[in-house]
Amino acid sequence: MTQERPAEPMLSIVVPMYNEAPVIDAFFARVLPILAGLVRDYEILCVNDGSGDGTLEVLLAHHECNPHVKIIDLARNFGKEQALTAGLDAARGDAVIPMDADLQDPPELIATFLAKWREGFDVVYGVRESRDSDSLAKRSTARMFYRLFNRLTEVRIPENTGDFRLMDRRVVAALRRLPERNRFMKGLFSWVGFRQVGVPYRREPRAAGQTKWSYWRLWNFALDGITSFSTVPLRLWSYAGAAVALFAFLYAAFLVVRTIVSGVDVPGYASLMVVILFLGGVQLISLGVIGEYLGRLYREAKGRPTYLVGRTYGLDGDE
Ligand code: UDP
Ligand code: MG
């Protein structure tokens with residue numbers, strides 16, 4: 001492990017926040033002493049993702065009395081991946097740590113992250129030892145997603161990891177070079193590679209407030225993840241088509257033989273209906289899959305920015 005680390009590193013913590021007003025005080029009360037004990041210089045980049053509950057006001061109060069607390073106020077709610085991207089773009093640290101605001105990611109783990117980073121690892125990610133704090137349904141769907149994702153794509157997302165991790169500045173620079181607008185961060189984190197290592201931790205229940213992720217949102221998130229890292233769902237239809245064609249061919253041969261042996265018989269309405277409906281369904285599904293990709297292509301082609309910043313507080317060049 002040869003990578004030189006600065007003796008006095010600067011640490012950036014990136015916290016996406018959407019309607020997190022009830023938890024912010026507790027967040028700083030727990031995080032600030034830990035950071036102050038670990039490093040001399042740090043910044044906490046709070047990305048306000050268009051909250052409507054006074055999150056910005058609470059953040060401003062903390063910014064007033066602690067210059068390490070910096071705020072990126074996005075122009076509206078762009079979503080967690082976009083908020084995270086905004087934070088990573090602004091982070092100045094030698095090491096950068098994305099973290100949830102709700103204290104589900106224990107800040108005590110940062111010490112371990114730093115130690116591993118000093119050992120020479122470029123990415124140190126937290127691995128959730130238990131997901132007790134999640135419902136059974138959420139755990140099993142998450143499991144299914146990881147299985148499917150890892151089967152369909154070349155990148156491997158380690159199971160039970162989230163965004164909570166430490167990244168060397170070189171890794172962040174690599175992430176920033178990826179021009180795509182659909183930012184499935186978990187996948188991108190794995191895609192960039194570098195020397196990675198996992199550290200187990202216990203994921204705690206949310207400190208206050210409530211989760212922003214409905215099942216519908218998670219489903220769309222999963223679709224985004226798979227479509228942005230795999231074209232297997234597109235290719236599948238070539239094979240499905242070939243299988244159906246082969247079956248049709250064999251069936252035609254069977255019909256010819258049967259007609260020669262036992263003559264023509266007219267009935268067949270039911271079987272015809274079944275075949276037509278089945279093929280209609282298969283075609284619509286395949287069109288839908290193509291549509292999913294086309295829609296995403298369209299979004300990328302428009303080239304709109306991933307996020308828009310309304311105003312920043314405490315960053316170079318603001319006010
Ligand atoms: N978040 C965000 N924008 C959104 C939704 C969520 O910035 O549109 C933030 C949220 O404030 C929190 C983090 O993403 O800091 C994780 O969200 P949450 O705790 O609701 O997700 P869960 O832990 O339940 O998966
Ligand atoms: Mg949470």
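For the structure, check the block above.
Residues numbered from 1 in each chain as written. Chains lettered and ligands numbered in written order. Predicted model: local features only at pLDDT ≥ 70, side-chain atom pairs only at ≥ 80, totals over all residues. Heavy atoms only, no water.

**Digging into the site of ligand 1**
Turning to step 1, where the next piece is worked out: The immediate surroundings of ligand 1 are formed by 19 residues, with E20, D49, D102, Q104 and T211 found nearest.
Turning to step 2, where the next piece is worked out: A distance of 2.8 Å separates an oxygen atom of ligand 1 from a polar backbone atom of Y18.
Turning to step 3, where the next piece is worked out: Within the side chain of E20, an N or O atom sits 2.5 Å from an oxygen atom of ligand 1.
Turning to step 4, where the next piece is worked out: Burial of ligand 1 by the protein amounts to 94% of the accessible area it has alone, namely 530 Å².
Turning to step 5, where the next piece is worked out: Split into classes, the residues belonging to the shell around ligand 1 amount to five nonpolar, four polar and ten charged. (Near = heavy atom within 4 Å. Polar contact = N/O pair within 3.5 Å; in protein donor to acceptor, adjacent residues only side chain to side chain. Areas by Shrake-Rupley, 256 points an atom, 1.4 Å probe, with all protein chains shown as cover. Nonpolar A, V, L, I, M, F, W, Y, C, P; charged D, E, K, R; others polar.)

**Overview of the pairing of strand β3 (residues 69–74)**
A regular strand places its side chains so that they alternate between the two faces of the sheet.
Turning to step 1, where the next piece is worked out: Of all six residues making up β3, six are buried, and the element is well covered by its neighbours.
Turning to step 2, where the next piece is worked out: Because side chains alternate across β3, one face comprises the buried residues V69, I71 and D73, and the other comprises K70, I72 and L74, equally buried.
Turning to step 3, where the next piece is worked out: Here strand β2 (residues 41–48) pairs with β3 via five bridges, running parallel. Within β3, the residue paired with I44 across the bridge is V69.
Turning to step 4, where the next piece is worked out: Note on the crossover from β2 through helix α2 (residues 55–65) to β3: the handedness is right-handed.
Turning to step 5, where the next piece is worked out: Taken together, the four bridges between β3 and strand β8 (residues 309–313) define a ladder with antiparallel strand orientation. The partner of L74 across the bridge, within β8, is V309. (Buried < 20%, exposed > 50% of the residue type's maximum accessible area, 1.4 Å probe, protein only. Helix = DSSP H or I, 4+ residues; strand = E, 2+ residues; numbered from the N terminus. Pairing = 2+ DSSP bridges. Right-handed = clockwise from strand over helix to strand, strands pointing away.)

**Side note on the sheet that holds β2**
Turning to step 1, where the next piece is worked out: The strand order across the open sheet formed by eight strands is β7-β5-β6-β4-β1-β2-β3-β8, and the pairing between neighbours is mixed. Bordering the open sheet on either side are β7 (196–201) and β8, each of which pairs with just one other strand. Neighbour-to-neighbour, the strand axes of this sheet turn through a mean angle of 20 degrees, independent of strand direction.
Turning to step 2, where the next piece is worked out: With respect to the sheet, helix α4 (residues 110–119) is in contact with β1 (10–17), β4 (95–98), β5 (123–128), β6 (161–168) and β7, its orientation differing from that of β6 by roughly 45 degrees. (Axes fitted to C-alpha atoms, helices over the stretch in contact; angles between N-to-C directions. Contact = heavy atoms within 4.5 Å.)

**A short note on helix α10 (residues 269–302)**
Turning to step 1, where the next piece is worked out: Here α10 spans 48 Å end to end across 34 residues, near enough to the 50 Å set by a 1.5 Å rise per residue.
Turning to step 2, where the next piece is worked out: Within α10 the residues assigned to the buried category are S286, V289, Y293 and R296.
Turning to step 3, where the next piece is worked out: Contacts made by the buried residues of α10 are with α8 (215–229) and α9 (232–262).
Turning to step 4, where the next piece is worked out: Positioned one or two residues after α10, G303 has a phi angle of 70 degrees, which is positive. (Expected span 1.5 Å × (residues − 1).)

By themselves these figures say nothing about function.
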